[in-house]
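Letter by letter, the chains look like this.
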Amino acid sequence: MAEVVAVRVPHHLAEDTEALSALRELVHDWATPREGFVTIHALEETAGGAVLVMEPDPPCELRDVALAARAVLSPEGRVRWAAARAREAARALGALPGPMRDLSPRTLGFAADGRLRLLPPLARVTASHGRMGAGVVPRGLAWLSPELTRGTHVDRRSDVFQLATLTWTLCGVAPPFARGTDLDTLTAILEGPRPPPLSEAAGVPSTLDDAVARGLARDPAERHEDAAAFALALAHVPDASADEQAEVAADALRRARARTRSAAGASDFASRLFDGPVARPCLKRWDDLAATARPAIRDCAECGLSVERVKTLGALVPLAGSCVFYDPEPEG
């Protein structure tokens, strides 16, 4: 079974010619299945608006894995694990045709096995034109590079700043320039003192200090030139062991499920990309569902919802807000 969801594009964007054009460009960049990416299969336009057909959001958010790593790993293990995830992010960024501009909690997800997956940076589409250069969402303010904050020229070194912020956060502490208010956070990014060494802030060995400090330089010219160079600066750190990765993944998944339950089920049918419902694939096998009078519909005893079996993307799109079992016709 191929897992897909249909995410409705808000009407104010679907009716905005410029925003929809920007969304098509983004879909083009994200349409090829690649390691480290959540694939967008298509942007479908219907009589009722527009829908993104894509893989579902990874189950774990950044906060889930960061808290899990701090809870279950030793300081040395946390450094190994954080460096491995940062290298995964760097490899994914290197596959993009240009800077991502929005490596932040909104675009970072983690699969059930603990591996990092990038979601498309829809802030570039949803933000007002000209706002801080590339689109800003409140939950990502502390991740903005100085040049994004100023609205000046942005290149791949901006991604390096955000990679360094990611590495810092994966070690279990708040982003280095996060402050109590949005204004204080933006001021800290632009003119605040340099953060202390990562080892001092996170209570981990100093193995990552030099690479992260250079990545967080306010002047882009002082940073690593791109994500690949940042990853190379972390090459001396060994990978986390399979046991360490599995332990973090299991604890993060437990946290994610607890968070979902505490949200009264709302997040079960919502995507981080846009507010609103999605058509979500059923995670059970078709044979595990109870048969009904209609061959293409079965009932789930666990969630109490009906699950419809569909074989084409065209059939999937109108089902936003329901459970679906996507069972495509074999190619050829």
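Below is a summary of the structure that appears in this document. Residue positions within a chain follow its written sequence, with the count starting from 1. Since the coordinates come from a predicted model, pLDDT governs what is reported: local features require at least 70, and pairs of side-chain atoms require 80 or more to be given and counted, while whole-chain, interface and lining totals use all residues. Based on all heavy atoms of the structure, the side-chain values leave hydrogens and waters out of the count.

1. Observations concerning the packing of helix H3 (residues 62–72) against helix H7 (residues 156–170)
Part 1: Helix axes use the C-alpha atoms of the stretch in contact, all axes being lines fitted to C-alpha atoms, and the angles between their N-to-C directions lie in the range 0 to 180 degrees. The helix count covers DSSP runs of H or I at least four residues long, the strand count covers runs of E at least two residues long, and both are numbered beginning at the N terminus. The N-to-C vectors of H3 and H7 enclose an angle of 50°; their axes lie 9 Å apart at closest approach. By the criterion of interaxial angle, the relationship of H3 to H7 is oblique. Judged by residue contacts, Leu-62, Val-65, Ala-66 and Ala-69 of H3 engage Leu-166, Thr-169 and Leu-170 from H7.
Part 2: Three classes are used: nonpolar for Ala, Val, Leu, Ile, Met, Phe, Trp, Tyr, Cys and Pro, charged for Asp, Glu, Lys and Arg, and polar for all others, with Gly counted as polar. Tallied by class, the residues present in the contact of H3 with H7 amount to 6 nonpolar, 1 polar and no charged. When an angle is under 35 degrees it counts as roughly parallel; over 145 it counts as roughly antiparallel; between 65 and 115 it counts as roughly perpendicular; any other value is oblique. Contact definition: two residues touch when any of their heavy atoms are within 4.5 Å.

2. Observations concerning the packing of helix H4 (residues 75–94) against H7
Part 1: Relative to each other, H4 and H7 sit at 155°, their axes nearing to 9 Å. Accordingly, the angle class assigned to the pair H4 and H7 is roughly antiparallel. The two elements H4 and H7 meet at a crossing, and its hand is right-handed. In this structure, H4 contributes Arg-78, Trp-81, Ala-82, Arg-85, Ala-86, Ala-89, Ala-90 and Leu-93 to the contact, and H7 contributes Arg-156, Asp-159, Leu-163, Leu-166, Thr-167 and Leu-170.
Part 2: Grouping the constituent residues of the contact of H4 with H7 by class yields 9 nonpolar, 1 polar and 4 charged. Should the near helix be turned counterclockwise from the far one by less than a right angle, the crossing is left-handed, whereas a clockwise turn marks it as right-handed.

3. Quick notes on the side chain of Thr-167
Part 1: When you line up the elements, Thr-167 lands in helix H7.
Part 2: The class of Thr-167 is buried, set by a relative accessible area of 0%.
Part 3: Within the structure, the side chain of Thr-167 is placed 2.9 Å from the backbone oxygen of Leu-163, a separation counted as a polar contact.
Part 4: With residues near it in sequence (within four places) discarded, Thr-167 still touches Ala-82, Ala-86, Leu-208, Val-212 and Phe-230. Buried, partly exposed and exposed residues are distinguished by accessible area as a fraction of the type maximum, computed with a 1.4 Å probe on protein chains only: under 20%, between the cut-offs, and over 50%, respectively. In protein, a polar contact means a hydrogen-donor-capable atom and an acceptor-capable atom, both N or O and within 3.5 Å, with residues adjacent in sequence counting only if both atoms are side-chain atoms; elsewhere, any N or O pair within 3.5 Å suffices.

4. As for the packing of aromatic side chains
Part 1: The criterion for an aromatic pair is that two Phe, Tyr or Trp rings (for Trp, the six-membered ring) have centres within 6.5 Å, with stacked assigned to planes under 30 degrees apart, edge-to-face to planes over 60 apart and tilted to the rest. Counting across every chain of the model gives 2 aromatic pairs.
Part 2: Residues Phe-161 and Phe-177 carry aromatic rings whose centres are separated by 6.0 Å and whose planes lie at 15° to one another, so their mutual orientation is stacked. Linking Phe-161 in helix H7 with Phe-177 in the loop between H7 and helix H8 (182–191), this pair joins segments that are 16 residues apart in sequence. Both residues of the pair, Phe-161 and Phe-177, belong to the buried class.
Part 3: Charge-over-ring contacts are defined here by two conditions on Lys NZ or Arg CZ: a distance within 6 Å of the ring centre and an angle within 35 degrees of the ring normal. Over the aromatic face of Phe-37 sits the side chain of Arg-34, whose NZ or CZ is 4.4 Å from the ring centroid.

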